[in-house]
Amino acid sequence: MLKIIVKDGENIERALKRYKRKHRNVKVMQNLRDGQFFTKPSVKRRREIQKAAYIQGLRDQEEI
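What this report covers is the structure whose coordinates are included nearby. This is a predicted model, so every value here is computed, not measured. Each chain has its residues counted from 1, following the order in which its sequence is written. A pLDDT threshold of at least 70 governs which residues receive local features in this predicted model, and a stricter bar of 80 or more applies before side-chain atom pairs are shown or counted, although totals over entire chains, interfaces and linings include all residues. By convention in this description, side-chain values take in all heavy atoms of the structure and omit both hydrogens and water.

**Structural notes on the overall build of the protein chain**
The helix and strand inventory of the protein chain stands at three helices and zero strands. Each helix (α) and strand (β) of the protein chain, taken in turn from the N terminus, gives the series α-α-α. Our radius of gyration looks at C-alpha atoms and nothing else; its globule reference is 2.2 Å times the residue count to the power 0.38. A compact globule built from 64 residues would reach a C-alpha radius of gyration of about 11 Å, whereas the protein chain, at 18 Å, exceeds it by more than 25%. Dimensions of the protein chain along its principal axes, counting C-alpha atoms only, are 50 × 40 × 10 Å. Helix and strand assignments come from DSSP, with helices taken as H or I runs of at least 4 residues and strands as E runs of at least 2, each series counted from the N terminus.

**Description of the environment of K40**
On the secondary structure map, K40 appears in the loop between α2 (28-34) and α3 (41-63). Only protein chains enter the area calculation, which uses a 1.4 Å probe; residues under 20% of their type maximum are buried, those over 50% are exposed, and those in between are partly exposed. Residue class for K40 comes out partly exposed when judged on its relative accessible area of 49%. Once the C-alpha coordinates of K40 and K7 are considered, the two residues, 33 residues apart in sequence, prove to be 45 Å apart.

**Let's talk about a positive patch on the surface**
A grouping of K7, R14, K17, R21 and R24 is seen on the molecular surface, where their side chains present a positively charged patch. By the secondary structure assignment, K7 is in the segment before α1 (12-26). The exposure class assigned to K7 is exposed, which follows from its relative accessible area of 56%. A patch is a set of surface residues, each over 30% in relative accessible area and not in a salt bridge, joined within 9 Å for like charges and within 5 Å for the nonpolar side chains Val, Leu, Ile, Met, Phe, Trp and Tyr. Under the convention used here, a 1.4 Å probe and the Shrake-Rupley method define accessible areas, while residue burial counts only the protein chains that appear. What makes a salt bridge here is a side-chain nitrogen of Lys or Arg within 4 Å of a carboxyl oxygen of Asp or Glu, nothing more. Positive residues here are Lys and Arg, negative ones are Asp and Glu, while His and the chain termini are left out of the count. Where a charge lies is defined by one atom per residue type: Lys uses NZ, Arg uses CZ, Asp uses CG and Glu uses CD.

**As for the side chain of E10**
As for its placement among the helices and strands, E10 is situated in the segment before α1. Reaching out from E10, the side chain makes a polar contact with the side chain of R18 at a distance of 2.5 Å. We call two residues in contact when some of their heavy atoms are within 4.5 Å. Once residues within four sequence positions are removed from consideration, E10 is found in contact with I5, A15 and R18. Any pair of N or O atoms that falls within 3.5 Å is considered a polar contact. Within protein, one atom must be able to donate a hydrogen and the other to accept it, and sequence-neighbouring residues count only if both atoms are side-chain atoms.

**Overview of α1**
By this rule, a helix spans an expected 1.5 Å times one less than how many residues it contains. For α1, which comprises 15 residues, the first-to-last C-alpha distance of 21 Å matches the rise-based estimate of 21 Å (1.5 Å per residue) to within 8%. Following α1 by one or two positions, K27 adopts a phi angle in the positive range, close to 60 degrees.

**Describing a nonpolar patch on the surface**
Where nonpolar side chains cluster on the molecular surface, the patch consists of Y54, I55 and L58 and spans about 280 Å² of accessible area. Structurally, L58 is set in helix α3. Of the residues examined, L58 reaches a relative accessible area of 40% and is grouped as partly exposed.

It is worth stressing that arrangement in space is one thing and function is another; only the former is reported here.
Structural data, given as structure tokens:
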């Protein structure tokens, strides 16, 4: 459970922004979606490798 302590005199939008950042970093929604269906370990590995190759390709294009 995420807790955001609003400090005295702090703007509510600022506190909301902190909450959203924490929520995104904890990956609550992604974990919920991933838990809906079983994914074989081989498929997980394949996706990780594809993602790493994609990111590496983007970095290689940046260098050129």
